[in-house]
Amino acid sequence: MDGNLGDTLRRRAWTTPLKQAVVDLASGARCTYPELNERANAVANGLAAMGIGRGDRVALLCLNGIEFIEAYYGAAKIGAVIVPLNWRLTAPELTFILKDSGSKVLIFGSAFAEVSEEIKAGGGTDIGYFVEIGAATAWATPYQQAFDPARTGEPEIAPGGDDLLTIVYTSGTTGLPKGAAHSHRTALSGIINVLSTIELNQADRYLLVLPLYHVGASTPMLAQLYQGGVLVLMPQFDPSKMWEVIETEKITKTLAVPAMLNFMLQVPGFQERDLSSLHSILSGASPVPVELIRRYHAMGIEIHQVYGMTETFGPGCFLGGDEAEARAGSTGRAYLLTDVRVVDEDGKDVPAGTPGEVIMRGAHNMVGYWNRPDATAETIRDGWLHSGDIGIADEDGYVTIHDRVKDMIISGAENVYPAEIENVLMAHDGVADVAVIGQDSEKWGESPFAVIVVATDSVTEAEIMAHCQGQLARYKQPKGVAFIDEIPRNPTGKPLKRILRDQFPGPAIE
């Protein structure tokens, strides 16, 4: 894994010159591997003309589109470090990341011209070049001017290997975001691990809809292009449009987090479309309710469970289609080139069936957190990356993820996992979405509280409470229910329980 990840695009273009590489639904662009490689070279040569080179950081603030891909590979070829930005963040939040990473170039889409101008006006960053994709503003350099499409010659390829490739910032839901730094070596190891474990091949047409600034999208992007398949890009998630694209583009595989899977089932008439090409949907980011798995299986679509982190470049655990129904709810066993353990607070393995923290080891683990040696030392210990997730491994090594350590509810000295309650509640026909939090309880310490989005207005709190009777032990049953219009979630679909805890502080009803 000593090579440069960007150079793998040149090699793929040489190996499969006639194959389609990317379909960009927003722009209508469709290109082969040689065409994509030339576009990446134009970016590489343009960045080099700006004085950007080995180790310099280049930030990307744009929706899913071919420009993100060519900028990623182009920067990688010359040894620059890619900093993908969460486009849902505010100007001050983005400014912090840009300053923390020391980014020198910001490539942004026109949809983010206003926030980019606010960043520029506010100062406080090292950005020397603002490059705009699409309609150019007066203060930014047009993308086509910065990256002349005629300059397609191969640049001098940087070494790669242990040089940094990307810094991917975590969501920062519990504090300031941290940048997980990955080298060419850790990224290539992650890609090889994915392709050695997950059922992907050159015949696949992979629909990518998660935002590319997240590892749940960027790793599949890189893996699909590494192995020579077709990547179909949607700019943003739209459940109705997603079914349409699956039909018209003959999609074979895609990835959708549980909230997306839920929203897709609520599209009127989607069953009337020809979905015969779709073999499976990868899902992760949070535990998938068993009821969702069963509903998709009834349509002949397998839900393949994946579990991983930004810090592992994606790989962690995987559950394939041959076991998905029999082991519904599990996230599977470790990827081929990953070691996974479940441990107690002292780092010792817990017995099978006992909850503990999931830790992982592999060549794909991050180098560390950018400029955060203390956080790195806390997360990576003796080569093992501590996830902060609570899981249970059975005697065969199949792992079930229950919750984040910080989201676990301790009620009367008993551990209560919100995901278990959410699974039960999602099986109710009147529940469209749900998140369970803990509220302070004078009697029990904490008690479960359910926050629900209803599918029908007739659903009542009493009906929800009655639904839990007999399905959950009494100490696990919600002591109260609140109905809201929408569960706040981060871009990968994880419920923002910090916000819900602030909104519904309790105390719990005794």
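Just above sits the structure.
K.L.:
Which residues make up the overall build of the chain, and what are the values?
P.N.:
When helices and strands are tallied, the chain shows 15 helices and 27 strands. For 510 residues, the compact-globule formula gives about 24 Å, and the C-alpha radius of gyration of the chain, at 23 Å, lands near that figure. Taking the principal axes of its C-alpha atoms as reference, the chain extends roughly 70 × 50 × 45 Å. For the chain, buried positions account for 58% of its 510 residues. A separation of at least 24 residues holds for 68% of the contacts in the chain among residues at least 6 apart in sequence. Carbon and sulfur atoms make up 49% of the accessible area of the chain, which amounts to about 20,600 Å² in all. Computed over 41 positive and 64 negative side-chain charges, the separation of the two mean positions in the chain equals 4 Å.

K.L.:
Could you give an account of the sheet that holds strand 12 (residues 253-255), naming the residues involved and the relevant values?
P.N.:
Reading across from one edge, 2-1-11-10-12-13-14-15-16 is the order of the nine strands in this open sheet, with mixed pairing throughout. Both outer strands of the open sheet, strand 2 (30-32) and strand 16 (333-334), are each paired with one neighbouring strand and no more. Pairing analysis gives three bridges linking strand 14 (residues 302-307) to strand 15 (residues 317-319), with the strands arranged antiparallel. Residue pairing across strands places Y307 opposite C317, the latter belonging to strand 15. Across the sheet, helix 2 (residues 33-49) lies against strand 1 (20-24) and strand 2, angled at about 95° from strand 2, the strand it touches most.

K.L.:
Just give me the short version of the pairing of strand 11 (residues 230-233), but keep the residues and values in it.
P.N.:
Here strand 11 shows two buried faces, one formed by V230 and V232 and the other by L231 and L233. Looking at chain direction, strand 1 and strand 11 are connected through three bridges and run parallel. Within the sheet, the bridge partner assigned to V22 lies in strand 11 and is L231. A crossover connection joins strand 10 (residues 205-208) to the parallel strand 11 through helix 8 (residues 215-227); in handedness this β-α-β unit is right-handed.

K.L.:
Can you explain helix 5 (residues 113-122)? Please cite residues and give values.
P.N.:
Taken together, the buried positions of helix 5 are occupied by A113, V115, S116 and I119. What you see down the axis of helix 5 is that its buried residues fit within an arc of 165°, all on one side. Exposed and facing more than 90 degrees away from the buried side of helix 5 are E114, A121 and G122. Tucked inside the fold, the buried residues of helix 5 contact strand 3 (57-61), helix 4 (91-101), strand 5 (105-109) and strand 6 (129-133). Backbone geometry just after helix 5 places G123 at a positive phi near 65°.

K.L.:
An account of the packing of helix 10 (residues 258-265) against helix 11 (residues 290-298) is requested, with residue identities and associated values reported.
P.N.:
Two elements in contact, helix 10 and helix 11, have axes whose closest approach is 11 Å; the angle formed by their N-to-C orientations is 50°. The orientation of helix 10 relative to helix 11 falls into the category oblique. In the crossing of helix 10 with helix 11, the sense of the turn from one axis to the other is left-handed. Contacts between helix 10 and helix 11 pair P258, L261, N262, M264 and L265 from the former with L292, R295 and Y296 from the latter.

K.L.:
An account of unusual backbone geometry is needed here, citing residue identities and associated values.
P.N.:
One non-glycine residue, F313, adopts positive backbone phi at about 60°. Structurally, F313 is set in the loop between strand 14 and strand 15. The phi dihedral of D382 falls on the positive side, at around 55°, and the residue is not glycine. Within the secondary structure, D382 sits in the loop between strand 20 (380-381) and strand 21 (384-393). The exposed category is assigned to D382, whose relative accessible area is 78%.

K.L.:
Requested: an account of the nonpolar core, with residues and values cited.
P.N.:
Within the largest apolar cluster, 87 residues are counted, with the highest numbers of intra-cluster contacts made by L47, I107, M221 and L225. In terms of residue count, the dominant contributor to this core is helix 3 (residues 66-77) (eight residues). Residues within four places of L225 in sequence aside, it is in contact with R12, A21, V22, Y33, L36, I69, Y73 and L231. Listed in part, the 25 residues of the second largest apolar core include V83, W87, L94 and I119.

K.L.:
An account of the packing of aromatic side chains is needed here, citing residue identities and associated values.
P.N.:
The geometry of an aromatic ring pair comes down to the distance between the two centres and the angle between the two planes. One pass over the full model with this rule turns up ten aromatic pairs. Ring geometry for W243 against F270: centres 4.6 Å apart, planes inclined by 15°, an arrangement best described as stacked. Here the residue W243 occupies a position in helix 9 (residues 239-248), and F270 occupies one in the loop between helix 10 and strand 13 (280-283), the gap between them amounting to 27 residues. Of the two residues examined, W243 and F270, each falls in the buried class. Judged by centre distance (5.7 Å) and plane angle (35°), the ring pair of F449 and F504 falls under tilted. Taken together, the residues span a long stretch of sequence, with F449 in strand 26 (residues 445-454) and F504 in the segment after helix 15 (497-503) at a distance of 55 residues. The exposure classification of F449 matches that of F504, with both residues buried. Clustering of aromatic rings is evident, with ring pairs tying together F68, Y72 and Y73. Here the basic side chain of K178 rests over the ring of Y369, its NZ or CZ set 5.0 Å away from the ring centre. The ring centre of W384 lies 4.8 Å from the NZ or CZ of R341, which sits over that ring.

K.L.:
Break down the layout of surface pockets for me, with residues and values.
P.N.:
Looking at the second largest pocket, its volume works out to about 490 Å³. R88, F237, F263, R489 and N490 are, among the 25 residues lining the second largest pocket, the residues nearest its centre. Of all elements in the fold, only helix 10 and strand 25 (431-441) reach the threshold of two or more residues within the lining of the second largest pocket. When residues of the lining of the second largest pocket are assigned to their parent elements, the largest contribution, three residues, is made by helix 10.

K.L.:
For the side chain of T95, give the residues involved together with the corresponding values.
P.N.:
Structurally, the position occupied by T95 is in helix 4. For T95, the contacting residues outside a window of four places in its chain are I119, G123, G124 and T125.

Each value, and the rule that gives it
- Residues numbered from 1 in each chain as written.
- Predicted model: local features only at pLDDT ≥ 70, side-chain atom pairs only at ≥ 80, totals over all residues.
- Heavy atoms only, no water.
- Helix = DSSP H or I, 4+ residues; strand = E, 2+ residues; numbered from the N terminus.
- Rg over C-alpha atoms; globule rule 2.2 N^0.38 Å.
- Buried < 20%, exposed > 50% of the residue type's maximum accessible area, 1.4 Å probe, protein only.
- Contact = heavy atoms within 4.5 Å.
- Areas by Shrake-Rupley, 256 points an atom, 1.4 Å probe, with all protein chains shown as cover.
- Lys, Arg positive; Asp, Glu negative; His and termini not counted.
- Charge placed at Lys NZ, Arg CZ, Asp CG, Glu CD.
- Pairing = 2+ DSSP bridges.
- Axes fitted to C-alpha atoms, helices over the stretch in contact; angles between N-to-C directions.
- Right-handed = clockwise from strand over helix to strand, strands pointing away.
- Arc of directions from axis to C-beta.
- Parallel < 35°, antiparallel > 145°, perpendicular 65-115°, else oblique.
- Left-handed = near helix turned anticlockwise from the far one by under 90°.
- Core = buried A, V, L, I, M, F, W, Y, C linked by side-chain atoms within 4.5 Å.
- Phe/Tyr/Trp six-rings, centres within 6.5 Å; stacked < 30°, edge-to-face > 60°.
- Lys NZ or Arg CZ within 6 Å of the ring centre and 35° of its normal.
- 1 Å grid on protein atoms, 1.4 Å probe; cavity = no way out; pocket = protein on both sides within 12 Å on 5 of 7 lines; lining within 4 Å.
- Points joined across faces, edges and corners; volume = space filled by probe spheres on them.

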